[in-house]
Amino acid sequence: MLLCGALSFLVCFIPYEDLIEFIISSLHRPDLKTLITGRYFPPDKLIRLQVFVGILSFLSIGFLFYYLKRRHYILGIIKSINLLIINKLMGFLRVFTGLSVAEKCVLGCILSFVLIRSFYYASTFNIQYDEAWNYNYFLKRHVIFSLFAYNNYPLHNLMTWPLVKILSPHVIILRIPSILSGLAAGLVVFHLSHRLTKHKVVSMLFMLLFFCLPNTVFYMLYARGVMMEVFFAGLIIYLLYPFISTGLSSSKRTLIATVFMNGLATLSMLSHVYFIALTTMAMLFIGLSERNREKIVFSIQYGIFALVFSSVLLLPMVLGTGIGSGISAGLSHLNFLALHDAPTQCYSDFISGHGYGIYALMMFNFLLIVLNPGKTTGRLALFNLCLLSGIWLIPGLTQTYPAERTLGFLSLTTITTLCLVFKWILEFQAPDLDSIPEHGHKKRFLGSSILILLAMWMQIHSHHHRFIRWSERLDHEVLSLSSDMMEHHIDRVYNQCNRFAYFVPGIEYYFSLNDRNFNYTTSDSSSTRYVSQKQSKDEYVIDCIENLNPSVDSGHLIRTSGFYLYKEQ
């Protein structure tokens, strides 16, 4: 703590001009100096940062003395949390070590399929706009930018950054954290399913179905933090299971563990705040329905502490560039949805594979509540129903439709809902799962066959999904254009066509891979690279294809489907 306090206190002695020069030189964007000093990091912000860090340094020293005084109490809490983590981890491992040879083969086949599919996609799909933009401004720069500059996936960037520096910035390397996070999320789904169904092979098939959902397929492909957030959301639901199903179990340890997981999930994707709000509401409803004061208090503490801890983890970003730009951008757009359907259909398609699947999920949970009032299945169904209601609540309260990825955690609810339906069917004539009669095995076999067919259909649907392939042609054009530009030594361009903006991050990425600089300016006054007109004779001009000038020499012309590059004589 003393070391951290001393290092933090050094910030108080950094000259403002030296800090700005470090930022500019790291970005290689001297044109941004005015924007940074005037909007994102003016001199008064450094003063506020220095005051805050100075206070934080003294507080760290105060906390050190508090720790020395109450060390036995604090160490007891830490030991208790460690035991919780160890117990849960051992529970995870015991399920795997207890698998039979046949079950291990099934698990190995599923994981091998997902790995092969993921690396096939990662190697065949070219880098996309968001991935290239994220690499250019964060992964390519010093790691400090991922901590102090606004970005949607801080934890993803922090985990990817060392991979890029140690291995390479190849697109497959950029996508490895998403692949691994997806696999980890799938294993959590397996444990959630096993808790509900008590059948290992069936749980593996539910995990396979999760791997084949459009949300999972898409976000295991591209380098974003969505699957990390889904992984932590799954762990949180797993930890809250005793609270939801029967009652409180080690509430203080569970509270601290879930608050910590929520903080990491928020660092994975900033919109995780929606999950915190919806799970808090769900647990409050469960507590109120049971008139259980202890559960109500736990729910309120969970929501407040999760938001506070998440805010603490985001403090470096808030003190750096702030998060106002991201919030205002989200609220200034009426629709961030990628699919051109009704909003409910967009969300439903991603989490269930069908535009109207959400209504089936809602109906299943409602029926389970009616048929199992006051029972574990009913409480879990109420929890699911509250989370699914976010599809309508969030747009209603925020007056905007967030992107599909912000509700990616609802893919977990799809699986848990189907698990409850499966469990209810098995228990319909056999309340005790350990004494299921012979026809119960037939039900399991029939259910497993349906799950396999559903997973196969879902994988085909996801493979041909319009969103996973919407930019495939554009991304290929980015690669082709970048190769042509480097071959013809074109590294200075002036853009007069709005459609070219999609190509810029990708071209910068490919130029960077070849240790080449790409000098880009544009006539778009809203861009940070705006200039009123072409500045040098070496610059190529980019214009829309419909504006093609017949007098342009074809020897100085590069055409694409939407625009062309030419050099004025």
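Anyway, here's the lowdown on the structure attached to this text. Throughout, a residue's number is its position along its own chain's written sequence, starting from 1. pLDDT decides what is reported in this predicted model: residues at 70 or higher carry local features, side-chain atom pairs at 80 or more are listed and counted, and totals for whole chains, interfaces and linings draw on all residues regardless. The side-chain numbers reported here are obtained from all heavy atoms of the structure, hydrogens and water having been left aside.

1. What about the sheet that holds strand 3 (residues 540–544)?
Adjacent strands of a sheet form backbone hydrogen bonds with each other and so pair up, either parallel or antiparallel. Any two strands with at least two DSSP bridges between them are considered paired. Under the DSSP-based scheme used, a helix requires at least four consecutive residues in state H or I and a strand at least two consecutive residues in state E, with every element numbered from the N terminus. A sheet is described by the order of its strands in space; here five strands give the open sequence 2-1-3-5-4, paired in mixed fashion. Of all strands in the sheet, those bounded by a partner on one side alone are strand 2 (519–522) and strand 4 (557–559). Across the sheet, the axes of successive neighbouring strands diverge by a mean angle of 20 degrees, strand direction being ignored. We call two residues in contact when some of their heavy atoms are within 4.5 Å. Axis definition: a line fitted to C-alpha atoms, over the contacting stretch in the case of helices. Angles run 0 to 180 degrees between N-to-C directions. The sheet strands contacting helix 25 (residues 472–487) are strand 1 (492–495), strand 4 and strand 5 (563–566), and the helix crosses strand 5 at an angle near 5 degrees.

2. Examining the nonpolar core
In plain words, nonpolar cores are sets of buried Ala, Val, Leu, Ile, Met, Phe, Trp, Tyr and Cys residues tied together by side-chain atoms within 4.5 Å. Think of it in three bands: with a 1.4 Å probe and only protein chains considered, a residue is buried below 20% of the maximum accessible area for its type, exposed above 50%, and partly exposed in between. Among the nonpolar cores identified, the biggest contains 103 residues, and Phe210, Phe211, Phe275, Phe383, Phe409, Leu410 and Ile415 are the most heavily contacted of them. Beyond its immediate stretch of four places on either side in the chain, phenylalanine 409 contacts Glu229, Val230, Ala233, Tyr274, Phe275 and Leu278. Of all hydrophobic cores here, the second largest spans 31 residues; its members include Ala132, Tyr135, Ile490 and Ile558.

3. Examining the packing of helix 15 (residues 273–290) against helix 21 (residues 376–388)
The interhelical angle for the contact between helix 15 and helix 21, taken along N-to-C directions, is 140 degrees, at an axis separation of 9 Å. In this structure, helix 15 crosses over helix 21, and the sense of that crossing is right-handed. For the pair helix 15 and helix 21, contact is made by Phe275, Leu278, Thr279, Met281, Ala282, Met283, Phe285, Ile286, Ser289 and Glu290 and by Arg379, Leu382, Phe383, Cys386 and Leu387, respectively. When grouped by side-chain class, the residues that make up the contact of helix 15 with helix 21 number 11 nonpolar, two polar and two charged. Two helices cross in a left-handed way if the nearer one is turned anticlockwise from the farther one by less than a right angle. They cross in a right-handed way if the turn is clockwise. Gly is placed with the polar residues, together with every amino acid not listed as nonpolar (Ala, Val, Leu, Ile, Met, Phe, Trp, Tyr, Cys and Pro) or charged (Asp, Glu, Lys and Arg).

4. Considerations on the pairing of strand 1
Here four bridges tie strand 1 to strand 2, and the two strands are oriented parallel to one another. Bridging from a neighbouring strand, valine 493 pairs with tyrosine 520 of strand 2. Taken together, strand 1, helix 26 (residues 503–513) and strand 2 constitute a β-α-β crossover, and its handedness is right-handed. Inspection of the sheet shows strand 1 paired to strand 3 by three bridges, in the parallel sense. Pairing of asparagine 495 across the sheet is with isoleucine 542, part of strand 3. The definition of a right-handed crossover adopted here requires that, viewed with the strands pointing away, the path from the first strand over the helix to the second runs clockwise.

5. Quick word on helix 6 (residues 101–124)
One less than the number of residues in a helix, times 1.5 Å, gives the span that helix is expected to have. Compared with an ideal rise of 1.5 Å per residue, which puts 24 residues at 34 Å, helix 6 spans 34 Å between its outermost C-alpha atoms and is within 8% of the ideal. Taken as a whole, helix 6 has its buried residues at Glu103, Leu107, Ile110, Val114, Arg117, Ser118, Tyr121 and Ala122.

6. Description of the packing of aromatic side chains
In this analysis, rings of Phe, Tyr and Trp, with Trp reduced to its six-membered ring, are considered paired at centre separations within 6.5 Å, and the interplanar angle assigns stacked below 30 degrees, edge-to-face beyond 60, and tilted for intermediate values. As enumerated under the stated definition, the model contains 30 aromatic pairs in all. With centroids separated by 5.6 Å and ring planes inclined at 85 degrees, the aromatic side chains of tyrosine 121 and phenylalanine 125 adopt a geometry described as edge-to-face. For phenylalanine 125, a relative accessible area of 5% corresponds to the buried category. When the ring of tyrosine 135 is compared with that of tyrosine 509, the centres are 5.3 Å apart and the planes differ by 90 degrees; the resulting orientation is edge-to-face. Of the two residues, tyrosine 135 is situated in helix 7 (residues 129–139) and tyrosine 509 in helix 26; the sequence distance between them amounts to 374 residues. For the residue pair tyrosine 135 and tyrosine 509, the accessibility class agrees, reading buried in each case.

7. Points about the packing of helix 10 (residues 171–197) against helix 13 (residues 226–245)
Two numbers describe how helix 10 lies on helix 13: the axes approach to 8 Å, and their chain directions differ by 20 degrees. Between helix 10 and helix 13, the angle falls in the class roughly parallel. In the crossing of helix 10 with helix 13, the sense of the turn from one axis to the other is left-handed. The residues of helix 13 that touch helix 10, namely those facing Pro177, Ser178, Ser181, Gly182, Ala184, Ala185, Val188, His191, Leu192, Arg195 and Leu196, are Met227, Met228, Val230, Phe231, Gly234, Leu235, Ile237, Tyr238, Tyr241 and Pro242. For the contact of helix 10 with helix 13, the residue count by class is 15 nonpolar, five polar and one charged. For classification purposes, an angle smaller than 35 degrees is called roughly parallel, one larger than 145 roughly antiparallel, one from 65 to 115 roughly perpendicular, and anything else oblique.

8. Some points on the state of the cysteines
In protein chemistry, a disulfide is the covalent bond that joins the sulfur atoms of two cysteines. Note that a disulfide, as used here, is simply two cysteine sulfur atoms within 2.5 Å. If you walk through the whole model with that rule in mind, you get one disulfide. Cysteine 497 shares a disulfide with cysteine 544; S-S distance 2.3 Å. One disulfide, between cysteine 497 and cysteine 544, carries an S-S torsion of 100 degrees and so falls in the right-handed class. One end of the pair, cysteine 497, is in the loop between strand 1 and helix 26; the other, cysteine 544, is in strand 3, with 47 residues separating them in the sequence. For the residue pair cysteine 497 and cysteine 544, the accessibility class agrees, reading buried in each case.

9. Section: the environment of leucine 382
The residue leucine 382 is located in helix 21 in this model. As for leucine 382 and isoleucine 369, which are separated by 13 residues in sequence, their C-alpha atoms are 6.5 Å apart. With residues up to four places along the chain from it excluded, the contact list for leucine 382 reads Phe285, Ile286, Ser289 and Ile369.

10. Comments concerning the side chain of serine 181
Of note, serine 181 is situated in helix 10. Among all residues touching serine 181, those that are not within four sequence positions of it are Met227, Met228 and Phe231.

11. Description of the environment of arginine 117
Inspection of the secondary structure puts arginine 117 in helix 6. Spatially, the C-alpha atoms of arginine 117 and leucine 221 are 9.3 Å apart, while their sequence positions differ by 104 residues.

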